[in-house]
Amino acid sequence: MSQGTQKSAALPAIGARAERVRIITDEDIVRFAEVSGDYNPIHLDADHAALSPFGQRIAHGMLIVSMISALIGMELPGAGSIYMGQTLKFLAPVHIGDAVTASVEVIGVRVDKRIITLRTDCTNQKGVLVLTGEAVVKYT
């Protein structure tokens, strides 16, 4: 390599996958509220949440989405990823104690621009899809 040039990391292949699991705790929800400023009582107040359609407290949707961000930045494609966009559909609530599996799968690669499209899903311990979407990432 000559001075000033740098070898690019290989792009992942279509079908490449990564996943991680996390049990959602009360502390996760409280800390996410503190960081985000989202103190909606559906997340923090058991009495209020009991009167909601969910019947109990639920995790912030964006807390669960952050698991996808971690996968993209740390595993697939990994360090050097630049998040360009994300579509999301929230399909089911996540409760305290749920084991959430976040997964990403490469469904498109644009080699000339180094842009990767990923299917992004999160499921709970019962196999229920709680959110789904697609992410677009530039891999530098």
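Structure shown above.
We now turn to the structure provided with this report. If you're wondering where the values come from, they're calculated on a predicted model, not measured in any experiment.

Within the chain, the regular secondary structure consists of four helices and five strands. Ordered by position from N to C terminus, the α and β elements of the chain give β-α-α-α-α-β-β-β-β. Its C-alpha atoms give the chain principal-axis dimensions of roughly 65 × 30 × 20 Å. When burial is assessed residue by residue, the chain has 38% of its 140 residues classed as buried. Partitioning the intrachain contacts of the chain with sequence separation of at least 6 by distance along the chain shows that 66% fall at a separation of at least 24. If you sum the accessible surface of the chain, you get close to 8,000 Å²; carbon and sulfur atoms cover 55% of it. When the 13 basic and 14 acidic side-chain charges of the chain are each reduced to a single mean position, those positions are 12 Å apart.

Turning our attention to a nonpolar patch on the surface. A contiguous nonpolar surface patch, about 280 Å² in accessible area, is contributed by I14, V109 and V111. Note on placement: V111 falls in the loop between strand 3 (99-110) and strand 4 (115-123).

With that out of the way, let us pick up the nonpolar core. Residues I24, I64, V104, L118 and C122 are the most contacted members of the largest nonpolar core, which totals 26 residues. Those elements that place two or more of their residues in this core are helix 1 (26-36), helix 4 (61-74), strand 3, strand 4 and strand 5 (129-139). At seven residues, the largest contribution of residues to this core is made by helix 4.

The rules behind these values
Residues numbered from 1 in each chain as written. Predicted model: local features only at pLDDT ≥ 70, side-chain atom pairs only at ≥ 80, totals over all residues. Heavy atoms only, no water. Helix = DSSP H or I, 4+ residues; strand = E, 2+ residues; numbered from the N terminus. Buried < 20%, exposed > 50% of the residue type's maximum accessible area, 1.4 Å probe, protein only. Contact = heavy atoms within 4.5 Å. Areas by Shrake-Rupley, 256 points an atom, 1.4 Å probe, with all protein chains shown as cover. Lys, Arg positive; Asp, Glu negative; His and termini not counted. Charge placed at Lys NZ, Arg CZ, Asp CG, Glu CD. Patch = residues over 30% accessible without salt bridge, like charges linked within 9 Å, V, L, I, M, F, W, Y side chains within 5 Å. Salt bridge = Lys/Arg side-chain N within 4 Å of Asp/Glu carboxyl O. Core = buried A, V, L, I, M, F, W, Y, C linked by side-chain atoms within 4.5 Å.

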